[in-house]
Number of protein chains: 4
Amino acid sequence: METRFRVSRKALEKEARKQDILDAAARLFSQRDFHEVTVDQIAAEVGLSKGTVYLYFRNKDDLFHAIVVQKGQSLLRKTRESLQCAGDFVDCLREFVRAHCGFFEENVTYFRITHSEKTRMTAEGKHRLHDYADQLFHAHLAMLMELVERGRSEGVLREEGSLALVKALRGILTAYVFHYAFGQSETPLSEQAEEIVDLFLNGAKRQAP
Amino acid sequence: METRFRVSRKALEKEARKQDILDAAARLFSQRDFHEVTVDQIAAEVGLSKGTVYLYFRNKDDLFHAIVVQKGQSLLRKTRESLQCAGDFVDCLREFVRAHCGFFEENVTYFRITHSEKTRMTAEGKHRLHDYADQLFHAHLAMLMELVERGRSEGVLREEGSLALVKALRGILTAYVFHYAFGQSETPLSEQAEEIVDLFLNGAKRQAP
Amino acid sequence: METRFRVSRKALEKEARKQDILDAAARLFSQRDFHEVTVDQIAAEVGLSKGTVYLYFRNKDDLFHAIVVQKGQSLLRKTRESLQCAGDFVDCLREFVRAHCGFFEENVTYFRITHSEKTRMTAEGKHRLHDYADQLFHAHLAMLMELVERGRSEGVLREEGSLALVKALRGILTAYVFHYAFGQSETPLSEQAEEIVDLFLNGAKRQAP
Amino acid sequence: METRFRVSRKALEKEARKQDILDAAARLFSQRDFHEVTVDQIAAEVGLSKGTVYLYFRNKDDLFHAIVVQKGQSLLRKTRESLQCAGDFVDCLREFVRAHCGFFEENVTYFRITHSEKTRMTAEGKHRLHDYADQLFHAHLAMLMELVERGRSEGVLREEGSLALVKALRGILTAYVFHYAFGQSETPLSEQAEEIVDLFLNGAKRQAP
DNA sequence: CATGAATGAGCGTTCATTCAT
DNA sequence: AATGAATGAACGCTCATTCAT
């Protein structure tokens, strides 16, 4: 039992170390391009030796993808939870947007990563990202589709083209996160959730009195 | 006169060659990251020698920025023209969206470039892009602001936060271009202009009867 | 204690490796021009890979300057020591010339380097050499000045223009080293010290009986 | 006859153009290293196209050597003439030193070139310089030898080692030119001829009263 | 003769990756 | 497990040289 305990403690330590590397790397990747961050810098950021990084990740690509996957999972989990809300579609949509905003508020630094990675992924036809990361991306899309479908079935959203609605929602969300992440200091992202929902649902037109 | 003709022909040829390089490079930059495209590849793509590329551009960065600037100018010109329409705000908005869609329909390959470059630019605070490219970016933002202001002064758009409206419009536009550029074959982008305008103005809610 | 020993041994080995590179590079720089020696050749000469050289020196310039500085220091040290002789001016002058000759006898290969570097340094006005190498050069000049002044104060040397005397001494010294370094095999340089001193002090004229 | 005239005029023009290139190149080579001067720069300095330079010189090396040879010939001619003086050895020596100084005063810019080239030449064992330049170098040495021999046969110079005397003379001369060429503004070199002769003949010692 | 566009070998430098300790 | 020295492939860039016009 002592051995089991030792092993498990070791395993935990190892996991912790791995997470340290992921965090350090993510910090750097959010500031500079994939190719502009060197393994040396990552190692220095965690306070480890370059060789040690290779004990935890097979190569630089793996490390990068691990970040994308981990953050993707996290986003997916949080937004999924938000959809289990008790209320009606609009309530749930509000929760969803809040979750999305909350996630990126806490992970501003990861926005650039996922942003550029999403692009790369789509452009090169999955050659670069592991299947799992690919699945995550599509899972996110699917979840949005579901949400929109529900809005439709509740009679709140338009009947035509649910893909169009998904595009609009993602577009507005992304634009807001973008401005939050790169723009000069603004109001907290999560406080803008209501605004996003409003714009998405009612559009830019002045409301009839 | 023959001499004059010869000289001008040479100058034209040189300009044409420069454009060839720009086009070839843009093709590659749209498929892979800046650092993943080598000057050798660019040269090969045009059918020239590596050294020759350096006769036309001081370095790889310059070449890249030349592309961004050229396309940025083009987009700016086309969208600006669209705003000189005779009709009311909604007409102009429709023209604007059409121009935007039309441009990216013809320049799908440039979307990724400007997409990632815009990110990099904002992130690194103008350190990398020439002033001119910087100006272009802000000019585009300013133009959108103007358009939205007009919509407000005509009483069509909401009174609150014009930045919010700009975000929404850009977000939806970008999302549509993104899906067109990377998604599997869809309807022509320009045919989706009406849909974009509708979503932006009226939102996703089912319209009251 | 074993650890301490290991650490210090590693540090020593690293220092030794660095010196190996310096020596190999110096050998090559003495045979060919700075620009005619490639980093690849230097690496091959030490039996290392090109990249390894860059673990020890930031770049080719640094490596070159390290050689100049190291040898300059050595020359300065040895000649300075020689001036602490007990005897009168002529004794000290003799010691000085011997030290100078002795140094270049052991460092023939470095003569060309310092020779050409001195030229470059003076010509380009300190733009290329690190401040330290610059200081060394002037320290050497200053030392010669001091020596000559002493000869004058002891009533041995002429009263007029000590710079003239410095020029003459350096000129003769350099000429001798030059012939030794590049000429076909001759008598050891250090054995020519007496001759140099004699020519410098008494000139080429046949001595009055 | 008109044809002959035309041809000869053309030949003259060609020769003049060639000289222009030599002069421009020499100017640049005196400021920067051989490898730091580009053929492009040379062409620009003469106001010609790069390709044109290759009509007059087979390659960059040839051009460089042509300069060295031409200047060497010129120095040789001028110093040889000086030796045809009517007076005794000391008069002739004085004339020689004056000629040497005069030459480098007018050709300060060429000092560095010949300086570094002489080194390179001796170091690499004639592999680089054309035979002719090699001959020039040795002709200069031989001339000095002759001069010194004459001084000896007239009973003015010491009996021992004429090579030693040649070394001393060349050393002092070179040192003076060096200081003139690179040092901060000094008295004209030719006015220092007397001083050089004095130092060479009588040495640095204070003269007995 | 003169041009200058094109070439391509070659250099300095970087950096992901390996491996002996 | 951790290190960090060593590697070597690869890249951006330069420039002497050629050649069609």
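In case you missed it, the structure is sitting above this.
As the structure is a prediction and not an experimental result, all values here were calculated from the model.

Colleague: Could you give an account of the interface of chain D and chain C, with specific residues and numbers?
Modeller: Opposite the 44 residues of chain D that make contact, chain C presents 44 residues. Both faces considered, chain D and chain C share a buried interface measuring about 4,200 Å² in area, 55% of it formed by carbon and sulfur atoms. Two residues, D:Asp198 and C:Arg158, come together in a salt bridge whose shortest N-O distance is 2.7 Å. At the surface where chain D touches chain C, the tally comes to 20 residue pairs in polar contact (both at pLDDT 80 or more). Of all elements in the fold, only helix H6 (108-123), helix H8 (162-182) and helix H9 (193-202) of chain D reach the threshold of two or more residues within the side of chain D that touches chain C. Counting residues per element, the side of chain D that touches chain C draws most heavily on H8(D), at 13 residues. Of the residues belonging to the side of chain D that touches chain C, the class tally is 16 nonpolar, 12 polar and 16 charged.

Colleague: Break down the relation of the copies chain D and chain C for me, with residues and values.
Modeller: Each of the two chain copies can be generated from the other by rotation about an axis followed by a shift along it. Overlaying chain D with chain C gives an RMSD of 0.4 Å, the required rotation being 178° about an axis along which the chain moves by 0.0 Å. Taken together, the rotation angle and the small translation identify this as a two-fold axis. Every residue of chain D has its C-alpha some distance from the rotation axis, and the shortest such distance is that of D:Gly203, at 1.6 Å. Most of the interface of chain D is mirrored in chain C, where 100% of its interface residues again form contacts.

Colleague: Lay out the relation of the copies chain A and chain B with the relevant residues and their values.
Modeller: Once chain A has been moved 0.1 Å along the axis and rotated by 178°, it coincides with chain B to within an RMSD of 0.4 Å. Both copies contact each other with a shared surface, as 100% of the interface residues of chain A are interface residues in chain B too.

Colleague: Lay out the state of the cysteines with the relevant residues and their values.
Modeller: Two cysteines whose sulfur atoms are joined by a covalent bond form what is called a disulfide. Under the criterion given, the structure shown has 4 disulfides over all chains. Disulfide pairing is shown between C:Cys85 and C:Cys92; the S-S distance is 2.2 Å. Its S-S torsion of approximately -105° makes the covalent link between C:Cys85 and C:Cys92 left-handed. The closest cysteine sulfur to the non-disulfide-bonded A:Cys101 is located on A:Cys85, 16 Å from its own sulfur.

Colleague: Tell me about the pattern of salt bridges, and please be specific about residues and values.
Modeller: Residue and element names in this part refer to chain A. Using the criterion set out here, one finds 48 salt bridges over all chains in the structure. Here Asp40 makes a salt bridge to Lys50, at a shortest N to O gap of 3.1 Å. Taken together, the positions of Asp40 in helix H2 (residues 39-46) and Lys50 in helix H3 (residues 50-56) put the pair 10 residues apart, joining distant regions of the chain. We classify Asp40 as partly exposed; its relative accessible area is 42%. A salt bridge links Asp62 to Arg58; the nearest nitrogen and oxygen atoms lie 3.7 Å apart. Note on Arg58: relative accessible area 63%, which makes it exposed. Within the structure, one salt-bridge network assembled from shared partners comprises Asp91, Arg94, Glu95, Arg98 and Glu194.

Cut-offs and rules
Position numbers for residues count from 1 along each chain, tracking the sequence in the order it is written. Here every chain gets a letter starting at A, and every ligand a number starting at 1, in the order they are written. Totals for whole chains, interfaces and linings use every residue, but because this is a predicted model, local features are given only for residues with pLDDT of at least 70 and side-chain atom pairs only at 80 or more, for both listing and counting. Each side-chain value is derived from all of the structure's non-hydrogen atoms; neither hydrogens nor water enter the calculation. The criterion used for residue contact is that any of the two residues' heavy atoms lie within 4.5 Å. Defined in terms of a 1.4 Å probe, buried area is the accessible area two parts forfeit on being brought together, summed over both. Just to be clear on terms, a salt bridge is a Lys or Arg side-chain nitrogen sitting within 4 Å of an Asp or Glu carboxyl oxygen. Think of a polar contact as two N or O atoms within 3.5 Å of one another; within protein, one of them needs to be a possible hydrogen donor and the other a possible acceptor, and neighboring residues in sequence only count if both atoms come from side chains. Secondary structure elements are defined from DSSP: runs of H or I of at least 4 residues count as helices, runs of E of at least 2 residues count as strands, and each element is numbered from the N terminus. Residues are grouped as follows: nonpolar covers Ala, Val, Leu, Ile, Met, Phe, Trp, Tyr, Cys and Pro; charged covers Asp, Glu, Lys and Arg; every other residue, Gly included, is treated as polar. Alignment of copies: least-squares fit on C-alpha atoms of residues with pLDDT of at least 70 in both copies. In plain terms, two cysteine sulfur atoms within 2.5 Å form what is called a disulfide here. Here's how the labels work: a residue is buried when its accessible area is under 20% of the maximum for its type, exposed when over 50%, partly exposed in between, all with a 1.4 Å probe on protein chains only.

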